[in-house]
Amino acid sequence: MIKKLLFVALCIAQFSWVTANPTHENPVSKENYKQEKVPKSVIIKTKKFKLKIDKQPNGKYLYQSWAATGKVTSKPSMIISDGELIPDGTGGNYYYEFNNNGYTYQVWRNYLTNSPKKAPYTLMVTDQNGKTIVNQDGQIVKN
């Protein structure tokens, strides 16, 4: 009798432990990207711009830009706060999105591409109507 009660108690304890500890996670959750792949700060240079993206203490991202020949120690020509990190699929790609006066600034991280010549980052700026006005590939200057 005691053996049966102990066996039942052990089975219940194991079942409770298994259901309390899920064995899989959502691979495209923002937390996984933040912890494993996304740098806290990155500087990217495109043909016309130099960009710096920094993670802020509140979890949002800060976008700063200069002319391509500008120094990041000088005053930025544009600053946009409250950017979001948006995962794109399960392969590690993601992009940052910033909104400023009706314009949307997206900085894409291109881990997976069809071409080995594809740059690691792409800056895309769209206007209020969704028309792309800037589309420039960029290289990492500093990570």
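Look above for the structure.
The model shown is predicted, which means the values in this text are computed figures rather than measured ones. (Residues numbered from 1 in each chain as written. Predicted model: local features only at pLDDT ≥ 70, side-chain atom pairs only at ≥ 80, totals over all residues. Heavy atoms only, no water.)

> Teacher, can you tell me more about the overall build of the chain here?
The helix and strand inventory of the chain stands at two helices and eight strands. Going residue by residue from the N terminus, the α and β elements of the chain occur as α-α-β-β-β-β-β-β-β-β. A fraction of 33% describes how many contacts in the chain between residues 6 or more apart in sequence connect residues 24 or more apart. (Helix = DSSP H or I, 4+ residues; strand = E, 2+ residues; numbered from the N terminus. Contact = heavy atoms within 4.5 Å.)

> Looking at this structure, I do not really get the pairing of strand β1 (residues 41–45). What am I missing?
As a general feature of sheets, a regular strand has side chains that alternate between the two faces. Bridge count between β1 and strand β2 (residues 49–55): five bridges; the pairing is antiparallel. Within the sheet, the bridge partner assigned to Lys-45 lies in β2 and is Lys-50. Here β1 folds back onto β2, and the loop between the two strands holds three residues. (Pairing = 2+ DSSP bridges.)

> How do you make sense of the nonpolar core when you look at a structure like this?
One broad trend across soluble globular proteins is that nonpolar side chains are buried collectively. Membership of the largest hydrophobic core comes to 18 residues, with the highest contact counts inside it found for Ile-53, Tyr-61, Tyr-63, Tyr-96, Phe-98, Val-107 and Leu-123. Elements supplying a minimum of two residues to this core: β1, β2, β3 (61–67), β4 (78–87), β5 (94–100), β6 (103–109) and β7 (121–126). Not counting chain neighbours up to four residues away, the residues in contact with Tyr-96 comprise Val-38, Pro-39, Ile-53, Tyr-61, Glu-84, Leu-85, Tyr-105, Gln-106 and Val-107. (Core = buried A, V, L, I, M, F, W, Y, C linked by side-chain atoms within 4.5 Å. Buried < 20%, exposed > 50% of the residue type's maximum accessible area, 1.4 Å probe, protein only.)

> Mind showing me how you'd approach the packing of aromatic side chains here?
Any two aromatic rings considered together are summarised by their centre-to-centre distance and by the angle between their planes. The tally for this structure, following the rule as stated, stands at five aromatic pairs. Relative to Phe-98, the ring of Tyr-63 lies with its centre 5.2 Å away and its plane at 55°, an arrangement referred to as tilted. Of the two residues, Tyr-63 sits in strand β3 while Phe-98 sits in strand β5, which places them 35 residues apart along the sequence. A ring pair is formed by Tyr-95 and Trp-108, whose centres lie 4.1 Å apart and whose planes are at 25°; its orientation type is stacked. One end of the pair, Tyr-95, is in strand β5; the other, Trp-108, is in strand β6, with 13 residues separating them in the sequence. Among the aromatic residues, ring-to-ring pairing joins Tyr-61, Tyr-94 and Tyr-96 into one connected group. Across the ring face of Tyr-121, the terminal group of Arg-109 is positioned such that the distance to the ring centre comes to 5.1 Å. (Phe/Tyr/Trp six-rings, centres within 6.5 Å; stacked < 30°, edge-to-face > 60°. Lys NZ or Arg CZ within 6 Å of the ring centre and 35° of its normal.)

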